[in-house]
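# Reading the structure
Chain by chain, the residues run as shown.
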Amino acid sequence: MSEEEKKREDYSADNIQILEGLEAVRKRPAMYIGDVGVKGLHHLVYEVIDNSIDEAMGGYCDTIRVTINEGNSITIEDNGRGIPTAIHTKENKSALEIVMTVLHAGGKFDKDTYKVSGGLHGVGVSCVNALSSDLSAVVHRDGKIFQQEYKIGIPQYEVKEIGTSDKTGTIVTFSPDPTIFEDVNYNYDTLRARMRELAFLNKGITITISDLREDSKDEEGKSPSEVFHSEGGLKEFVKFLDKSREPLIEEIIYMEGEKDGIPVEVAMMYNNSYTENILAYVNNINTHEGGTHLSGFRRGLTHTLKKYADESGMLAKEKIEIAGDDFREGLTAIISIKVAEPQFEGQTKTKLGNREIQAPVSQAVTQMLTNYLEEHPNDAKKSLKK
Ligand code: 0RA
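The structure reproduced in this document is the subject of the present report.

Calculation rules
- Residues numbered from 1 in each chain as written.
- Predicted model: local features only at pLDDT ≥ 70, side-chain atom pairs only at ≥ 80, totals over all residues.
- Heavy atoms only, no water.
- Helix = DSSP H or I, 4+ residues; strand = E, 2+ residues; numbered from the N terminus.
- Buried < 20%, exposed > 50% of the residue type's maximum accessible area, 1.4 Å probe, protein only.
- Contact = heavy atoms within 4.5 Å.
- Areas by Shrake-Rupley, 256 points an atom, 1.4 Å probe, with all protein chains shown as cover.
- Lys, Arg positive; Asp, Glu negative; His and termini not counted.
- Charge placed at Lys NZ, Arg CZ, Asp CG, Glu CD.
- Phe/Tyr/Trp six-rings, centres within 6.5 Å; stacked < 30°, edge-to-face > 60°.

## Focus on the overall build of the protein
In terms of regular secondary structure, the protein is built from 11 helices and 18 strands. Projected onto its principal axes, the C-alpha coordinates of the protein cover approximately 85 × 60 × 40 Å. Within the protein, the fraction of its 386 residues that count as buried is 49%. In the protein, the share of contacts with a sequence separation of at least 24, taken over all contacts with a separation of at least 6, comes to 69%. Counting every atom, the protein has about 19200 Å² of accessible surface; 48% of that belongs to carbon and sulfur. Counting 46 positive and 64 negative side-chain charges, the protein places the centres of these two groups 4 Å from one another.

If you want it as structure tokens, here you go:
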């Protein structure tokens, strides 16, 4: 066989593999996106946005725009570097085509970016492509505009130049496949709540959401649209959650830092209620079932407050024993960490399993809280008395 023939054979073998990959996703969509109901439908949006958030986390992008179009297609636009479009010699294909059609190809072209995001299932944009009746990817990069369109994940033509541009970024528009999803009607409030959450979790990024569907317009013909942007991050998130509660301490306790290479961000507030409200995130995913980061947080909190109470003599005087949950009455807290290779476990895959996470989180919380208590003795006494 000649080199040429061999190359052609490799190429068609690659193509068969790609088609088989897309077919696997369409055969068992629930395995990739959870379900084919309302949740899975919205998950498509989160999956695409995750790529833009990654780009923002790398410092390359500061604005993400989400639009629900007439007919329930979704457009997600960012001002990042744009998905690379150069031809990969090995596959003889544009990187854009590979990202959009090969399962788990996402991070392949960029080893430098600290990639920690990735939706609940972290399946990548090629899954969204496979589950879309139509998808268009437009890239502004290198002074040009490139485009490729797909049907159920299959490219309809090779990546082409469609114009010139003086900016960079990626624009993905997709229509969820009605033969896959039970209902393809997007809910504005569901997407809006997630965009608000993402803006709190990733401070500094501007995320806008608009609903251009005719039926969504108000009496004056105005389309729903909102801009989310948080400079304070988790601090503002706690304030938002506690807005109708009476604060017990002067300011929100806030810490941001890194321990053993794990970025940890924590914000907490005591209010005069008796409810505990702790939210824990890993790579922007709400870990409803908790896990090692949450137990690390709890351990650090209990350890530090107990130690403070002992040393200040408050307990001896009152002759009381306090348990861990006493420290969590009236506590609103958010903990957000980034883990390079998260292991998600549990019923809904929202429990962090990584053993190595507990100690660094506990140490980070201990350090932060000890400092805070020293600087705010009045707050410390008030919280402990309670
Ligand atoms: C891989 C490499 C590079 C960018 C991206 C992926 C990228 C992907 C998405 C998906 C949505 N928006 C995106 N923005 C960027 C950049 C490689 C380089 O420029 O050196």
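Let us keep going from here.
## Looking at the packing of aromatic side chains
Tallied over the full model, the rule gives 3 aromatic pairs. When the ring of F200 is compared with that of F237, the centres are 4.8 Å apart and the planes differ by 10°; the resulting orientation is stacked. Placement of F200 in helix α6 (residues 188-201) and of F237 in helix α7 (residues 234-241) is noted, with a sequence separation of 37 residues between them. In this pair, the class of F200 matches that of F237, namely buried. Residues F200 and F240 carry aromatic rings whose centres are separated by 5.6 Å and whose planes lie at 40° to one another, so their mutual orientation is tilted. Linking F200 in helix α6 with F240 in helix α7, this pair joins segments that are 40 residues apart in sequence. Given the relative accessible area of 27%, F240 is considered partly exposed. Every member of this aromatic cluster is reached through a ring pair, and the members are F200, F237, F240 and Y281.

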